[in-house]
Amino acid sequence: MTRQARYRIAVIVGALVLLEVLCRIGTIDRLTMPPPSRIALDLWVMLRSGSMAGAMLKTLTNVAIAFIAAVLSGVALGVFLHGLRAVRETLDPLFATYYAIPVFAFYPLLIILFGLGDTPQIVIGYMLAVVAVIVNTLNGLDRVTPVLLRTARIYRMGPVKTALKVTLPCAAPHLLTGVKLALAYAFIGIVGAEFLMSQTGMGFEISFAYNNFDNAVMYPLIVLIIALATAINMTLTHLEKALLRRRGYQ
Amino acid sequence: MTGASRGGARNSLVLVVSLVLAWQLLYAFVGDKALTSPLGTVRYLLALLATDAFWLNIAETARAFASALAIAIVLGLLIGFAFGINRFWGEVMEPMLVALYSIPKITLYPIVLLAFGIGMPAKIAFGVIHGIVPVAIFTISAVRNVRPVLVKTGRLFRLGPWRTVRKLLFPAALPEIFTGIRLGFSLTLIGTLLGEMFGSQRGLGYLLMTAIGLQNIQVIMAVTLLLVVFAATVSTILLRIDRHLHRRAT
């Protein structure tokens, strides 16, 4: 472990201890936040009882749907746009400013259009995720060396076969960056939408617990979601680095 | 105007026209129940803009957003310079900031509400939480990448720490810092609006959420349009300045 990582753990542990002390001596009152040790205990009880299993399954299923749809259609759209220069150039300003647009502002409209079920949440997750996949697919395809394309032509591969056998594998590191972002964004989109207005899922349970002043449920859930998101991200970042190393970067 | 930016302007124009056409087609397809037409939405927005009540909501959101952005930039720059100059602590803290970037921060909102109470301070705090991360991350990396010869020159001229930052580090790091501020702008806006969509009694986000209950599709479409046009316009301008700064620096 590097010295930096040891210090990082020390900072996190230090912050937790400080919070614990502040909560115990009453600087932070109980109604605002229970001590971290108490939250950990509540989380353990919650996970063992399985009371949140349904909500967790719901959220993860919706994240998976939005994520898979975004990756599949994003890669396909990326390959498609890469071949159409004019369309791509027209869409460039959209891609450049897309993440500046508050996508959640569309949530009320989606609720009116699709009703208050899973669909508006999945659409929000998808909308946030898909553009990251498209942009990174285009980025990756731009960096495919021409000699590979010529080789594909010599083997008389069609466009679909060229994409599947040559260009996409070659662009894999960039694709993985897109996939990583897509997962993070799908998660943010689904949980955010659940939190704002919905009837199920972990985001909903957090806002429900907040409205009932139920800190024994709210804080463990928040910790759980943050831990889940961080674990997923760290795994994908690790994969990305391993792939880049194998390709001889760094 | 250079050839590239003229091409960019033409692309933006084609894009906007195509989006409006797509909207009109969708409207023709799904009808009055689910959507309002582009023209109808603009008309309704203009009618809203003629009322005082609507301006009160705009002013509320604008105040929260402007305060949050100012705090996010100042704190982000402070954190960025502190951890950019001190390389070791920068390496300790940066992964934590990156992790904060990719978690669903909306789950932290109940904690913010419990800490600040419902109202202006909570909205501002939530905007800051979103916006501060990109400003800090980009500033850290910008300051770290300033050419060592510049810092040595500064030492040679016996510049104090404050003047080293002001005369050397800041100008040299400005292009990258500006990219961080540009992303910070977008995220602060998203954070402020999310803050208003949950647990708020004023502002554009609040207006959007209450319109769901009233099934008021006109208000939803008009407010969403206003927000999208504002975000896209400012972000396009910031992107132009950003590219100009980067071109000048190389």
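As the structure is a computational prediction, the values presented were derived from the model and not from experiment.

Asks: Would you mind going over the packing of helix α6 (residues 120-144) of chain B against helix α8 (residues 161-197) of chain B with me for this structure?
Replies: Relative orientation and spacing of two packed helices are given, respectively, by the angle between their axes and the distance between those axes. All names here are of chain B. Interaxial distance between α6 and α8 falls to 7 Å at its minimum, and their mutual angle equals 160°. Considered as vectors, α6 and α8 are oriented roughly antiparallel to each other. In this structure, α6 meets α8 at a crossing whose hand is right-handed.

Asks: Looking at this model, I keep getting lost on the domain arrangement of chain A. Mind explaining?
Replies: Where interface size is given, it is often the accessible area lost as the parts come together that is meant. Residues and elements named next belong to chain A. As far as domains go, chain A holds domain 1 (1-30) and domain 2 (34-246). Here the C-alpha centre of domain 2 lies 31 Å away from the C-alpha centre of domain 1. With six residues of domain 1 in contact, the opposing surface of domain 2 contributes four residues. Of the residues in the side of domain 1 that touches domain 2, the class split is three nonpolar, no polar and three charged.

Asks: Sorry if this is basic, but what is going on with the nonpolar core here?
Replies: The nonpolar side chains of a soluble globular protein tend to be buried with one another. Residues and elements named next belong to chain A. Counting 131 residues, the largest nonpolar core has Ala70, Phe104, Ala129, Val133, Ala182 and Ala186 as its most contacted members. Looking at which element gives the most residues to this core, the answer is helix α9 (residues 172-196), with 16 residues. Beyond its immediate chain neighbours, meaning those up to four positions away, Ala70 contacts Tyr126, Ala129, Val130, Val133, Ala182 and Ala186.

Asks: Sorry, what's going on with the interface of chain A and chain B here?
Replies: Contacts between chain A and chain B engage 44 residues on the former and 44 residues on the latter. Those elements that provide at least two residues to the side of chain A that touches chain B are α1 (3-24), α4 (85-97), α5 (107-114), α9, α10 (202-211) and α11 (215-246) of chain A. No other element matches the eight residues that α4 of chain A contributes to the side of chain A that touches chain B.

The rules we used
- Residues numbered from 1 in each chain as written.
- Chains lettered and ligands numbered in written order.
- Predicted model: local features only at pLDDT ≥ 70, side-chain atom pairs only at ≥ 80, totals over all residues.
- Axes fitted to C-alpha atoms, helices over the stretch in contact; angles between N-to-C directions.
- Helix = DSSP H or I, 4+ residues; strand = E, 2+ residues; numbered from the N terminus.
- Parallel < 35°, antiparallel > 145°, perpendicular 65-115°, else oblique.
- Left-handed = near helix turned anticlockwise from the far one by under 90°.
- Domains from an automatic or database assignment.
- Contact = placed C-beta atoms within 7 Å.
- Nonpolar A, V, L, I, M, F, W, Y, C, P; charged D, E, K, R; others polar.
- Core = buried A, V, L, I, M, F, W, Y, C linked by C-beta atoms within 7 Å.
- Buried ≥ 20, exposed ≤ 12 C-beta atoms within 10 Å, placed from the backbone.

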